[in-house]
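Structural description and commentary
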Amino acid sequence: MRMPGIDAPKIRTRHFHEAKANGTKITALTSYDALSARIFDAAGVDMLLVGDSAANVVLGRETTLSITLDEMIVLAKAVAVSAKRAMVVVDLPFGTYEISPNQAVESAIRIMRETGAAAVKIEGGVEIAGTIRRIVDAGIPVVGHIGYTPQSEHALGGHVVQGRGASAGKLIADARAVQQAGAFAVVLEMVPALAATEVTQDLSIITIGIGAGNGTDGQVLVWQDAFGLNTGKKPRFVREYANLGADLHTAAQNYIADVHAGSFPAEQESF
C-alpha cells in the first residue's frame, strides 16, 4: 500500500508502518508557520516537523536550547491547523522532559491538547527509553531522535558525526531502545550512511535520515536550508532545491526601486 494521495485523509502512524513494509520512501520537512505548512501539505509532503530548529531559523538564536514550550506551541498550532493531510510532529524542547517522565508526559499532553498535532519528537536513546514509554502509554505517538542530537551539542563537543567506529554499537543500542519503548519512528541525524542503513534494516519502525545517507526509510530537511533562505554555511547533507533568498532579495530591491520612482502604486493598484 502506498502513502495516501494528496487529497486523501490525514496520514496516521499506520500509514508509515505500511510504507516501510512496501518500501515506499517517506518525505518530511520542517514547518513553523501556516503558509509553509499549506504549501508543503498541498505538495504532498508526508510529515511536517515543527522542530526546535525554529530557535535558529525563525527566532534568530544561535542554538536550539533557549526555545520554550510556549513558543513551540504557538508555532505548532499554526502548522497543525493548516495541514490537512501531512502528519504534524512537534519537538519537545530542551528542559521540558529531562527532569522526569512525569514532566515529559505533561509537556507532551500540552502539545497535543493545545496545538492539534499528531505526535511529539524527543531526543535520546537508551537513557530516554523509559520516558518514551511513559509518553506512549499516555496515548501519544512518539518519534525518537538519535545520532547527533542538537540539544546535547555541548555534551557531544559540537556538530560532530555520531556512530563512527566503536560508537556504531551505541547507535544500534539506542535505535533498538527507542523502538522497544514504543516509538513509531526515529530520526537518524549526522551518522555514517552505512550505519544508518544497518539501523534501518534492523528496525521494524521507520527511520528518517538527515545527514544519514540514502538507506533510511525517509528523509527530512530544514526547509529554509533546502529552499535557499538561510544565508550561512550550508550543511554538507543539504541539497538546495531553490534559492528563495536571492529571489526575495531581488523582489525587495525591485519594490524599493518602484516606490522611489513613484511607479508603485500605479492606477490599477489605487482606488
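Residues numbered from 1 in each chain as written. Predicted model: local features only at pLDDT ≥ 70, side-chain atom pairs only at ≥ 80, totals over all residues. Heavy atoms only, no water.

On to the sheet that holds strand β8 (residues 218-221). To summarise the sheet geometry, strands pair through backbone hydrogen bonds and adopt either a parallel or an antiparallel arrangement. Strand order in the closed barrel formed by eight strands is β1-β2-β3-β4-β5-β6-β7-β8, with parallel pairing between adjacent strands. Neighbour-to-neighbour, the strand axes of the sheet open up by a mean angle of 25 degrees, direction not taken into account. Where strand β3 (residues 87-91) meets strand β4 (residues 119-123), three bridges bridge the pair, whose relative direction is parallel. By the bridge assignment, V90 is partnered in β4 with V120. Packed on one face of the sheet, helix α5 (residues 101-115) meets β3 and β4 and runs near 145 degrees to β4. In this fold helix α8 (residues 168-180) packs onto β5 (142-147) and β6 (185-189), with an angle of close to 175 degrees to the strand it touches most, β5. (Pairing = 2+ DSSP bridges. Helix = DSSP H or I, 4+ residues; strand = E, 2+ residues; numbered from the N terminus. Axes fitted to C-alpha atoms, helices over the stretch in contact; angles between N-to-C directions. Contact = heavy atoms within 4.5 Å.)

Once that is clear, we can look at the domain arrangement of the protein. The parts lose accessible area when they come together, and the size of an interface is often stated as this lost area. For the protein, the domain assignment lists domain 1 (13-240) and domain 2 (243-270). Each partner contributes to the interface: domain 1 provides five residues, whereas domain 2 provides four residues. In total, about 300 Å² of surface goes out of reach between domain 1 and domain 2, with carbon and sulfur atoms giving 61% of it. Among the residues of domain 1 in contact with domain 2, F227, G228 and L229 are the three that bury the most area, contributing 77% of the side total. There are zero salt bridges connecting domain 1 and domain 2. Looking at the side of domain 1 that touches domain 2 residue by residue, the class counts come to three nonpolar, one polar and one charged. (Domains from an automatic or database assignment. Buried area = accessible area lost by both parts, 1.4 Å probe. Salt bridge = Lys/Arg side-chain N within 4 Å of Asp/Glu carboxyl O. Nonpolar A, V, L, I, M, F, W, Y, C, P; charged D, E, K, R; others polar.)

The next thing to look at is the packing of helix α4 (residues 69-82) against α5. Remark: α4 packs on α5, axes separated minimally by 9 Å, with the N-to-C direction vectors making an angle of 35 degrees. Where α4 crosses over α5, the two elements pack in a sense that is right-handed. Of the residues in α5, those touching α4 at L69, D70, I73, A76, K77 and A80 are S107, R110, I111, E114 and T115. Of the residues that constitute the contact of α4 with α5, the class distribution is five nonpolar, two polar and four charged. (Left-handed = near helix turned anticlockwise from the far one by under 90°.)

The next subject is the UniProt feature "active site" (unreviewed entry) in the protein. Residues annotated in UniProt with the feature "active site" (unreviewed entry) correspond here to E189. The topology assignment puts E189 in strand β6. E189 has contacts with H145, I146, G147, Y148, P150 and I210, leaving out every residue within four places of it along the chain. (UniProt positions renumbered as here; feature names shortened; annotations may be inferred.)

The alternating pattern of strand β2 (residues 47-50) places M47 and L49 and L48 and V50 on opposite faces, both of which are buried. In this fold, the crossover linking strand β1 (residues 26-30) to β2 by way of helix α2 (residues 34-43) has right-handed handedness. (Buried < 20%, exposed > 50% of the residue type's maximum accessible area, 1.4 Å probe, protein only. Right-handed = clockwise from strand over helix to strand, strands pointing away.)

Residue placement: R61 occurs in the loop between α3 (54-57) and α4. Classification of R61 by relative accessible area gives partly exposed; the value is 28%. With near-sequence residues (within four places) excluded, R61 lies in contact with A55, N56, S66, I67 and E71. For R61, the side chain forms a polar contact with the side chain of E71, separated by 2.9 Å. (Polar contact = N/O pair within 3.5 Å; in protein donor to acceptor, adjacent residues only side chain to side chain.)

Let's shift gears to unusual backbone geometry. Here the amide bond leading from F264 into P265 is cis, since omega sits at 0 degrees, within 30 degrees of zero. Looking at the secondary structure, you find P265 in the segment after α11 (244-261). With a phi close to 50 degrees, M190 is a non-glycine residue in the positive phi region. Within the secondary structure, M190 is located in the loop between β6 and α9 (193-202). Classification of M190 as buried rests on a relative accessible area of 12%.

Buried within α2 we find S36, A37, F40 and D41. Looking straight down α2, one finds that the buried residues subtend no more than 125 degrees of arc, so they occupy a single side. For α2, exposure combined with an orientation more than 90 degrees from the buried face picks out L35, I39 and A43. Residues of α2 that are buried in the fold lie against β1, β2, α4 and α10 (223-226). Its side-chain oxygen 3.0 Å from the backbone nitrogen of L35, D33 forms the N-cap of α2. Positive phi appears at G44, one or two residues downstream of α2, with a value of about 105 degrees. (Arc of directions from axis to C-beta.)

This part is about the pattern of salt bridges. Under the defined criterion, the tally for this structure stands at ten salt bridges. Salt bridges sharing partners connect three or more residues here, namely D70, R110 and E114.

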